[in-house]
Amino acid sequence: MPHSSKAVICRELNKPVVVETITVDGPKRGEVTVRIAACGVCHSDLSATNGTIALPPPLVLGHEGAGEVIEIGEGVTSFAAGDHVVSSFIYMCGKCRYCSAGRPVLCMEQGKALLTPAEGTPRTRDRDGKPLNIFSGCGVMAEYATLSVDNVVKIDPTIPLDRAALVGCAVTTGVGAVFNTAKVESGSSVAVFGCGGVGLNAIQGAAIAGAERILAIDTLQSKLELAKKFGATDTLLATPGQDPTKEIKKLTGGGPDYAFECVGSGALAEAAYKAIRRGGKAVIVGVARATDAACFKPMTMVFEEKTLQGSYFGSCVPRIDFPRMLQLYMAGRLKLDELITKRYKIDEAPQAFADLESGKNARGVIVF
Ligand SMILES: [Zn+2]
Ligand SMILES: [Zn+2]
């Protein structure tokens, strides 16, 4: 059944987002329609509106949503109406070598569900009946969304959906980079570049993993204050455009064991690699512009046995990691309540994006 649905749309690059009433068609085979309850406003949504992430407009934004399944398509056996779910912006075919190896973030078929559900045709139309693209198989910044079953994960229905939504991107990206990609050991030292939604989660992931020192680095004092609440033991107020490496080395007694770059900057990727101590690991989490580059000395990699590693979506397996993160929240060990610094109505979406750009929120969430 088609649903009339308000949705947040990028109509034109480098222009503010707009809220329109669109039509969301019901599910085809292997799909579910979800009534969205909440959707986080992520930097990647902003990046799609300015071309850093190349998902062409007109684009229904949103990839960090949670809601209730209201309709299931033909052949769907793993979901039923009433199930609570969180969206997952990586499509996993379940059959390729990476899916088979338990690394669905590297699925070779991801391109299939980038702008539409994996089946290949759109479920979203504007009021003139023209098709709309959806953000990475999701498009969940809308009252309704129809997704492939491989883009949704079932969760415990007792968990509030506005908080559950956050594991769909920021939490899993940050905490997963620490748990899954870097495998931070207890007692180690960690530096985190950038204290936005992802960086704060790298910080709290490091705290849960038992890191002894956690240095938060940001250019805004307000974000450093927030970082302390998430487990940062030390903070460094960086000056935009200046290399903070020396300061970091001084504050961590020669460099941290692990550095997480959560901004998406070539210069900071360089700084993260330079800052780590001998035998250290620098993990690149932030998505830099495609034209951005970084430079490092390969010799240091040999003599200092340094590692430079990328982490996409916290190297997660959504069906394992989403419930795992939410269990940590229910056990009082993972902070989600504190992460949401502002809730918006869907009509306030342009303001939510402006606030994100100005660095006002840890996480702004649109609540339906
Ligand atoms: Zn995101
Ligand atoms: Zn695959």
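Residues numbered from 1 in each chain as written. Chains lettered and ligands numbered in written order. Predicted model: local features only at pLDDT ≥ 70, side-chain atom pairs only at ≥ 80, totals over all residues. Heavy atoms only, no water.

(A) The coordination of the zinc ion (ligand 1), seen in detail. Looking at the zinc ion (ligand 1), the protein donor atoms are C42 (SG), H63 (NE2) and C169 (SG), and they sit 2.0 to 2.2 Å from it. Spacing between the donor residues of the zinc ion (ligand 1) along their common chain follows C-x20-H-x105-C. Placement of C42 in the loop between β3 (31-41) and α1 (43-49) and of H63 in the loop between β4 (59-60) and β5 (65-72) is noted, with a sequence separation of 21 residues between them. When sorted by exposure, C42 lands in the same class as H63, which is buried. (Donors = N, O, S within 2.8 Å, 3.2 Å for Na, K, Ca; no water. Helix = DSSP H or I, 4+ residues; strand = E, 2+ residues; numbered from the N terminus. Buried < 20%, exposed > 50% of the residue type's maximum accessible area, 1.4 Å probe, protein only.)

(B) Seen up close, the coordination of the zinc ion (ligand 2). Protein-derived ligands of the zinc ion (ligand 2) are C93 (SG), C96 (SG), C99 (SG) and C107 (SG), with the metal-ligand distances lying across 2.3 to 2.4 Å. Bound by 4 donor atoms, the zinc ion (ligand 2) shows angles of 104 to 116° at the metal and therefore tetrahedral coordination geometry. Taking the relative accessible area as the measure of exposure, C93 reaches 17% and is therefore buried. (Tetrahedral: all angles 85-135°; square planar, octahedral: opposite > 155°, others 65-115°.)

(C) Looking closely at the pattern of salt bridges. Evaluation of the coordinates by the stated rule reveals 23 salt bridges. Among the salt bridges present, the one from E20 reaches R11, with a minimum N-O distance of 2.7 Å. Looking at R11, the relative accessible area reads 34%, which means it is partly exposed. Here D83 and K154 are joined by a salt bridge, their closest N and O atoms 3.6 Å apart. You can see D83 sitting in the loop between β5 and β6 (84-87) and its partner K154 sitting in strand β10 (residues 152-154), a full 71 residues away along the chain. With relative accessibility at 16%, the residue D83 sits in the buried group. According to the relative accessible area criterion, K154 is partly exposed, its value standing at 41%. (Salt bridge = Lys/Arg side-chain N within 4 Å of Asp/Glu carboxyl O.)

(D) Looking closely at the domain arrangement of the chain. Entries for the chain in the domain assignment read domain 1 (3-154 + 336-367) and domain 2 (171-312). Centre-to-centre separation of domain 1 and domain 2, based on C-alpha positions: 28 Å. Across the contact, 15 residues belong to domain 1 and 13 residues belong to domain 2. Regarding the contact of domain 1 and domain 2, the summed buried area is about 1100 Å², with carbon and sulfur atoms giving 63% of it. The three residues of domain 1 that bury the most area against domain 2 are T52, L339 and A362, which together make up 37% of that side's buried surface. Across the domain 1-domain 2 interface, the total number found is 1 residue pair in polar contact (both at pLDDT 80 or more). For the side of domain 1 that touches domain 2, the residue count by class is 7 nonpolar, 6 polar and 2 charged. (Domains from an automatic or database assignment. Contact = heavy atoms within 4.5 Å. Buried area = accessible area lost by both parts, 1.4 Å probe. Polar contact = N/O pair within 3.5 Å; in protein donor to acceptor, adjacent residues only side chain to side chain. Nonpolar A, V, L, I, M, F, W, Y, C, P; charged D, E, K, R; others polar.)

(E) Up close: a nonpolar patch on the surface. A cluster of nonpolar residues, M299, V302 and F303, forms a patch on the protein surface that exposes about 370 Å² of accessible area. The topology assignment puts M299 in helix α9 (residues 298-303). (Patch = residues over 30% accessible without salt bridge, like charges linked within 9 Å, V, L, I, M, F, W, Y side chains within 5 Å. Areas by Shrake-Rupley, 256 points an atom, 1.4 Å probe, with all protein chains shown as cover.)

(F) Examining the packing of helix α4 (residues 170-182) against helix α10 (residues 318-330) more closely. Where α4 contacts α10, the two axes come as close as 11 Å, and the packing angle between them is 95°. Put simply, α4 runs roughly perpendicular to α10. Touching V171, T172, V175, G176, F179 and N180 of α4 are D321, F322, R324, M325 and L328, all from α10. Considered class by class, the residues forming the contact of α4 with α10 number 6 nonpolar, 3 polar and 2 charged. (Axes fitted to C-alpha atoms, helices over the stretch in contact; angles between N-to-C directions. Parallel < 35°, antiparallel > 145°, perpendicular 65-115°, else oblique.)

(G) Looking closely at the packing of aromatic side chains. Tallying each qualifying case throughout the model produces 4 aromatic pairs. Both rings, one in F313 and one in F322, keep their centres 6.0 Å apart while their planes meet at 65°; by these two values the pair is edge-to-face. Of the aromatic side chains, those joined through ring pairs into one cluster are F89, Y312, F313 and F322. Of note, K154 hangs over the ring of F79, and the distance from its end group to the ring centre comes to 5.9 Å. (Phe/Tyr/Trp six-rings, centres within 6.5 Å; stacked < 30°, edge-to-face > 60°. Lys NZ or Arg CZ within 6 Å of the ring centre and 35° of its normal.)

(H) Looking closely at the sheet that holds β4. Read across the sheet, 5 strands follow the order β7-β2-β1-β4-β8 without closing on themselves; strand pairing throughout is mixed. The sheet is open, and its two borders are formed by β7 (124-125) and β8 (133-134), each paired with just one other strand. Pairing analysis gives 2 bridges linking strand β1 (residues 3-10) to β4, with the strands arranged antiparallel. Each bridged residue has a counterpart across the sheet, and for C10 the counterpart in β4 is L59. (Pairing = 2+ DSSP bridges.)

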